[in-house]
Number of protein chains: 2
Amino acid sequence: MKNYEDYKTHCSKIADVAYSISILNWDQEVMMPKKSVERRAQQIATLAGILHELNVDKDFGNLLNILSKSKLNDEESRNIKETLKEYNRNKKYTTRFVQLMSKTTSKSFTAWQEAKAKNDFSIFAPLLEELVDLKRQECELIGYKGHPYDAMLGLFEPNSNVSDLDELFTDVRNQLVPFVKEIAAAPQNKEDLFYQHFDQNKQLKFTEDLLIQMGYDFDAGRQDLSTHPFTTNFSATDVRVTTRVDANNLSEIMWSSIHEGGHALYEQGLKDKNYGLPSGAYLSLGIHESQSRLYENNVGRSLGYWKHNFPKLKNYFPEQLKDYNAEDYYQAMNIVKPSFIRTNADELTYHFHILIRYEIEKDLIAGNIEVKDLPKVWNAKYKEYLNIDVPNDGEGVLQDIHWSHGAFGYFSTYSIGSFYAAQFFNQAKKEIPELEKQIENGDLTPLLTFLRKNIHQHGKLFASEEICLNITGEKLNFKHFMDYAKNKYSKIYNLTPVTI
Amino acid sequence: MKNYEDYKTHCSKIADVAYSISILNWDQEVMMPKKSVERRAQQIATLAGILHELNVDKDFGNLLNILSKSKLNDEESRNIKETLKEYNRNKKYTTRFVQLMSKTTSKSFTAWQEAKAKNDFSIFAPLLEELVDLKRQECELIGYKGHPYDAMLGLFEPNSNVSDLDELFTDVRNQLVPFVKEIAAAPQNKEDLFYQHFDQNKQLKFTEDLLIQMGYDFDAGRQDLSTHPFTTNFSATDVRVTTRVDANNLSEIMWSSIHEGGHALYEQGLKDKNYGLPSGAYLSLGIHESQSRLYENNVGRSLGYWKHNFPKLKNYFPEQLKDYNAEDYYQAMNIVKPSFIRTNADELTYHFHILIRYEIEKDLIAGNIEVKDLPKVWNAKYKEYLNIDVPNDGEGVLQDIHWSHGAFGYFSTYSIGSFYAAQFFNQAKKEIPELEKQIENGDLTPLLTFLRKNIHQHGKLFASEEICLNITGEKLNFKHFMDYAKNKYSKIYNLTPVTI
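Residues numbered from 1 in each chain as written. Chains lettered and ligands numbered in written order. Predicted model: local features only at pLDDT ≥ 70, side-chain atom pairs only at ≥ 80, totals over all residues.

### Digging into the overall build of chain A
Now for step 1: Scanning chain A for helices and strands turns up 20 helices and 3 strands.
Now for step 2: Since a compact globule built from 500 residues should have a radius of gyration of about 23 Å, the 23 Å found for chain A is in line with a globular shape.
Now for step 3: Over its C-alpha atoms, taken along the principal directions, chain A stretches across nearly 65 × 50 × 45 Å.
Now for step 4: Burial status across chain A gives 43% buried among its 500 residues.
Now for step 5: For chain A, the share of sequence-separated contacts (at least 6 apart) that also reach a separation of at least 24 residues comes to 70%. (Helix = DSSP H or I, 4+ residues; strand = E, 2+ residues; numbered from the N terminus. Rg over C-alpha atoms; globule rule 2.2 N^0.38 Å. Buried ≥ 20, exposed ≤ 12 C-beta atoms within 10 Å, placed from the backbone. Contact = placed C-beta atoms within 7 Å.)

### Things to note about helix H9 (residues 200–214) of chain A
For an α-helix, the turn length of 3.6 residues means that residues three or four places apart are oriented alike.
All names here are of chain A.
Now for step 1: Here H9 spans 21 Å end to end across 15 residues, near enough to the 21 Å set by a 1.5 Å rise per residue.
Now for step 2: Taken together, the buried positions of H9 are Gln-203, Phe-206, Thr-207, Leu-210, Leu-211 and Met-214. Down the axis of H9, the smallest arc covering the buried residues is 145°, so these residues share one side. Summarising the geometry of H9, the exposed residues directed more than 90 degrees from the buried face are Asn-201 and Lys-205.
Now for step 3: One or two residues past the end of H9 sits Gly-215, with phi positive at roughly 110°. (Expected span 1.5 Å × (residues − 1). Arc of directions from axis to C-beta.)

### Things to note about the nonpolar core
Now for step 1: Among the nonpolar cores identified, the biggest contains 104 residues, and Leu355(B) and Tyr420(B) are the most heavily contacted of them.
Now for step 2: Excluding anything up to four places from it in sequence, Tyr420(B) contacts Gly286(B), Ile287(B), Ser290(B), Cys468(B) and Leu476(B). (Core = buried A, V, L, I, M, F, W, Y, C linked by C-beta atoms within 7 Å.)

### Notes on the confidence of the model for chain A
Now for step 1: A residue-level look at chain A finds 99% of positions with pLDDT of 70 or above and a mean pLDDT of 95.
Now for step 2: For this predicted complex, the interface score ipTM comes out at 0.94, while the overall pTM is 0.94. (pLDDT = per-residue confidence, 0-100.)

### Describing the sheet that holds strand S1 (residues 221–225) of chain B
Residue and element names in this part refer to chain B.
Now for step 1: Strand order in the open sheet formed by 3 strands is S1-S3-S2, with mixed pairing between adjacent strands. With one partner strand each, in any of the chains shown, S1 and strand S2 (231–233) form the two edges of the open sheet. Strand after strand, the sheet turns through a mean of 20° between neighbouring axes, direction not considered.
Now for step 2: Sheet analysis places S1 next to strand S3 (residues 239–243), joined by 5 bridges and oriented parallel. Residue Leu-225 lies in a different strand from S3, and its bridge partner there is Thr-243. (Pairing = 2+ DSSP bridges. Axes fitted to C-alpha atoms, helices over the stretch in contact; angles between N-to-C directions.)

### A look at the relation of the copies chain B and chain A
Now for step 1: Superposing chain B onto chain A takes a rotation of 180° plus a shift of 0.0 Å along the axis, which leaves an RMSD of 0.0 Å. As the rotation angle and translation indicate, the two copies are arranged about a two-fold axis.
Now for step 2: Interface residue correspondence from chain B to chain A reaches 100%, placing this contact among same-surface, isologous pairings. (Least-squares fit on C-alpha atoms with pLDDT ≥ 70 in both.)

### Overview of the sheet that holds strand S1 (residues 221–225) of chain A
Residue and element names in this part refer to chain A.
Now for step 1: With respect to topology, 3 strands assemble into an open sheet ordered S1-S3-S2, the strand pairing being mixed. Two strands close off the open sheet at either side, each with one partner strand: S1 and strand S2 (231–233). Between one strand axis and the next, the sheet turns by 20° as a mean value, whatever way the strands run.
Now for step 2: As judged from the 3 bridges shared by S2 and strand S3 (residues 239–243), these two strands associate in the antiparallel manner. Bridged to Asn-233 within S3 is Val-239.

### A few points about the environment of Asp166(B)
Now for step 1: Along the chain, Asp166(B) turns up in helix H8 (residues 162–185).
Now for step 2: Through-space distance from the C-alpha of Asp166(B) to that of Ala485(B) is 21 Å; in sequence the pair is 319 residues apart.

### A few points about the domain arrangement of chain A
Residue and element names in this part refer to chain A.
Now for step 1: Domain annotation of chain A identifies domain 1 (4–91) and domain 2 (119–500).
Now for step 2: Each side of the interface is counted separately: domain 1 has 18 residues, and domain 2 has 15 residues.
Now for step 3: Elements represented by at least two residues in the side of domain 1 that touches domain 2 include exactly helix H1 (4–30) and helix H4 (74–91).
Now for step 4: In terms of residues, the side of domain 1 that touches domain 2 owes the most to one element, H1, which gives 12 residues.
Now for step 5: Looking at side-chain class alone, the side of domain 1 that touches domain 2 contains 7 nonpolar, 5 polar and 6 charged residues. (Domains from an automatic or database assignment. Nonpolar A, V, L, I, M, F, W, Y, C, P; charged D, E, K, R; others polar.)

### Some words on the environment of Asn201(A)
All names here are of chain A.
Now for step 1: Here Asn-201 lies in helix H9.
Now for step 2: Residue classification places Asn-201 among the exposed residues on the basis of 10 C-beta atoms within 10 Å.
Now for step 3: Counting along the chain gives 163 residues from Asn-201 to Glu-38, while the straight-line C-alpha distance between them is 32 Å.

### Focus on the interface of chain B and chain A
Now for step 1: In this assembly, 30 residues from chain B lie in contact with 30 residues from chain A.
Now for step 2: Listing elements by their share of the side of chain B that touches chain A, those giving two or more residues are helix H1 (4–30), helix H2 (37–55) and S1 of chain B.
Now for step 3: If one sorts the elements of the side of chain B that touches chain A by residue count, H1(B) sits on top with 8 residues.
Now for step 4: The class makeup of the residues in the side of chain B that touches chain A is 13 nonpolar, 8 polar and 9 charged.

### What about the packing of helix H16 (residues 412–431) of chain A against helix H19 (residues 464–472) of chain A?
Residues and elements named next belong to chain A.
Now for step 1: Their axes nearest at 9 Å, the elements H16 and H19 cross at an angle of 25°. Put simply, H16 runs roughly parallel to H19. The element H16 and its partner H19 pack so that their crossing is left-handed. Seen from H16, the contacting residues are Tyr-420, Gln-423, Phe-424 and Gln-427; seen from H19, they are Cys-468, Ile-471 and Thr-472.
Now for step 2: The residue makeup of the contact of H16 with H19, split by class, is 4 nonpolar, 3 polar and no charged. (Parallel < 35°, antiparallel > 145°, perpendicular 65-115°, else oblique. Left-handed = near helix turned anticlockwise from the far one by under 90°.)

### What to know about unusual backbone geometry
Now for step 1: The phi dihedral of Asn494(A) falls on the positive side, at around 50°, and the residue is not glycine.
Now for step 2: With respect to the helices and strands, the residue Asn494(A) is situated in the segment after helix H20 (478–492).
Now for step 3: Residue Asn494(A) is classed as exposed on the basis of its C-beta count, with 9 C-beta atoms lying within 10 Å.
Now for step 4: With a phi close to 55°, Asn387(B) is a non-glycine residue in the positive phi region.
Now for step 5: Secondary-structure assignment places Asn387(B) in the loop between helix H15 (374–386) and helix H16 (412–431).
Now for step 6: With 12 C-beta atoms packed within 10 Å, Asn387(B) lands in the exposed category.

### Remarks on the packing of helix H3 (residues 58–67) of chain B against helix H4 (residues 74–91) of chain B
All names here are of chain B.
Now for step 1: Closest axis-to-axis distance for the H3/H4 pair is 10 Å, and the angle between their directions is 140°. One finds that H3 runs oblique with respect to H4. By crossing handedness, the relation of H3 to H4 is classed as left-handed. For the pair H3 and H4, the contacting residues are Phe-60, Gly-61, Leu-64 and Leu-67 in the first and Ile-80, Thr-83, Leu-84 and Tyr-87 in the second.
Now for step 2: Taken together, the residues that form the contact of H3 with H4 break down as 6 nonpolar, 2 polar and no charged.

### Overview of the environment of Ser68(A)
Now for step 1: With respect to the helices and strands, the residue Ser68(A) is situated in helix H3 (residues 58–68).
Now for step 2: In this structure the C-alpha to C-alpha distance between Ser68(A) and Arg78(A), which are 10 residues apart in sequence, comes to 9.2 Å.

Spelled out as structure tokens, the structure:
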């Protein structure tokens, strides 16, 4: 390996193996027959081992160090800098550690599934202990400046750290918690319309229409069903979403499809010619989540969007929806109400779920709480922030898949993403004065063009903070989300008007 | 790597990568969006390169050579012998050659698709020339004792060679060709019943019933749609079949599903504990094809099978089938008639298609004919053996996918498999006197038990010739197929009774 071309070739090879793992994972979630669980885990672990060896290849490291001191153009320099950063982090892991982690997550995922089905945390606890122990080791191995949890946070959102997030979540606590209390005191809207029988194939077909309207390219992707909706990609030319459908609850599928569609638009908007390079990869999970949240909430839960789409939905279900109009639908989809399950939460209380996980993970990684304490701590925090009593661990501490996958440090990106989304959408409205009118007309192209131009096409060429500054002229500011929330929900709940 | 355990570990790693490629291939055929063609080809090529490096690993070779001289039990010795044979063959390939072959087949597959769609052989010809040139090089590289084509044949059916196949196909020419002429002179049966409208989902559902009845385990597999039906597996716990369905032709799906089901039963019957070892892998393509052909023809095209299943089919399509009974269905499905397309051929003229491809490939590899001559040679042989005039290259020389994949030497295994099938089925009837009655009752378990016991579970522990000898007491004998054919079709066509 001697030059930038060799660097690109090796990156492409790394991407080929990494995406192959993603294909095996997608297949596992969406297609695989149940008897094949163990063999598939083994196949993925083998590819993960091969991937690690490619990631820490000595010649590759030498090349990166040489290129980092060579004369390259801006984009090339940026790529080398990012790859070298990753390379140096990967070098900290031994193959043995990678394999141990892979095995432990496989085992703990299986234990979690059983524990959740049986509502029995004790089945999951021993594996989770092993995993937390490994994660604590990983923090030391990666290294951190402030809090050990910073090491985990940085895996998903570079430069993210406890000090900044503490500040952000203090805002959430101080501003969002009281506002939700205000809403809770107001009369509640009705959501009966969701709970009727809706043919599943028609629901699926309707969400395909929505995805096409968003600009999702079905020639470079597909939508399937899975238990946990997700987006995955194997290049910008193959970006797949999954959704879930409930014949007796129309709201189940809707925001899954729109949310995953937002993720998918980002991946489809990366430059395929930069395949395998930092410039061809998504920037951070926070920014990724900003795209899905923007479509899910700022677009998908707006009145204008449904003024256009509700009549289309009614064409699919004329009988069930005959007594309702777009405004009813809008009211029903924007009910704010504390609940147990994060993925079904409204867009305000959602962040209390994240706040709780953030606080718990931080203490768990630091060793301030132990695995055995989790259910107790969990339930106490749900009482504190949401004022609800968690009925059982299945709907409590066991509800999310993330920990069983070893994904500690991930949750906060959901909130960061939502706050970025509000800030970006605000800016889009400023730059495209007709934006809300366009959405009302079902024309989502100008919005996508804005996102493609400002975010998607750049990959990792800028940091999240830079992108935010470039687009909005300031860094991430919770105020934009809070203003959006107050403005929207004060109207929905007829609260005392707020000046914004 | 020091001992037999290390050998097993490396084999398992090789299998993990090989099966990952199969997963990427399955996905490509069944799920992948169209824009992703190039990236996927690249991802597969990368894994193929990694696989090759694992296959020819020096330490692995040393271990194999040591183990081949060590004291091991019979099964272990057999495994080492088989793996060493494969290792030595793989060593003959350079990584450069493997990559060149992978790239050339990718390009020629794309060219073939276009050529077939446009009925224009000249689009495919230049790529096919490159490929044939590589294949000729590959023969020299692998080496052969008799005819260069032996090198190709051995890739699919070990020990298969031109000398034996010339003899076998002489039997086909001398015995089957005149018998088919005799049939052609007799009055033809009707097949109108197939050509009505049949709901595609119901068709699919019915074939799922058939697969379950055969013993196919849907918890270790699945059935999907694809243009070219095929079976693939990623372990014995994940064996997938595909089929194709035509709403206006009921026969399209039927034998695809049963045929692929036969393949799948073989793979599901391999011992999962022998994953990655020769003892856990199918024996040869001839034996593989014997399983699919046995179910497709000896079972699936028998009257008894449909005495049980036709009423079930009628439940799905009461209106369309109200004027027909099992006997009508049996007559319709067993019409013998020369046709252009191999995959739609009846079970007798089918072998003329194979014979033609065998003769052409043999001459092509030996350099006796060149790519540019193929359409002329093809059409002349169809006139000679089937007495039909090929209307265009799409229905002629371009019809099959195999050459574009570089699969020369594959076709003859279809005939070998059919002849093995007749011989195995004959033996099964001897050993299970109630077999035909059981089939008529829809009880296919005893047949599967016979095949599992005698074939499936052994993997590569015996050679094809040994397996055949072990089961039937003699080597492959065309007489069994010919007797089966004469007995069955003399009745169907009311020909002069034959003594068998």
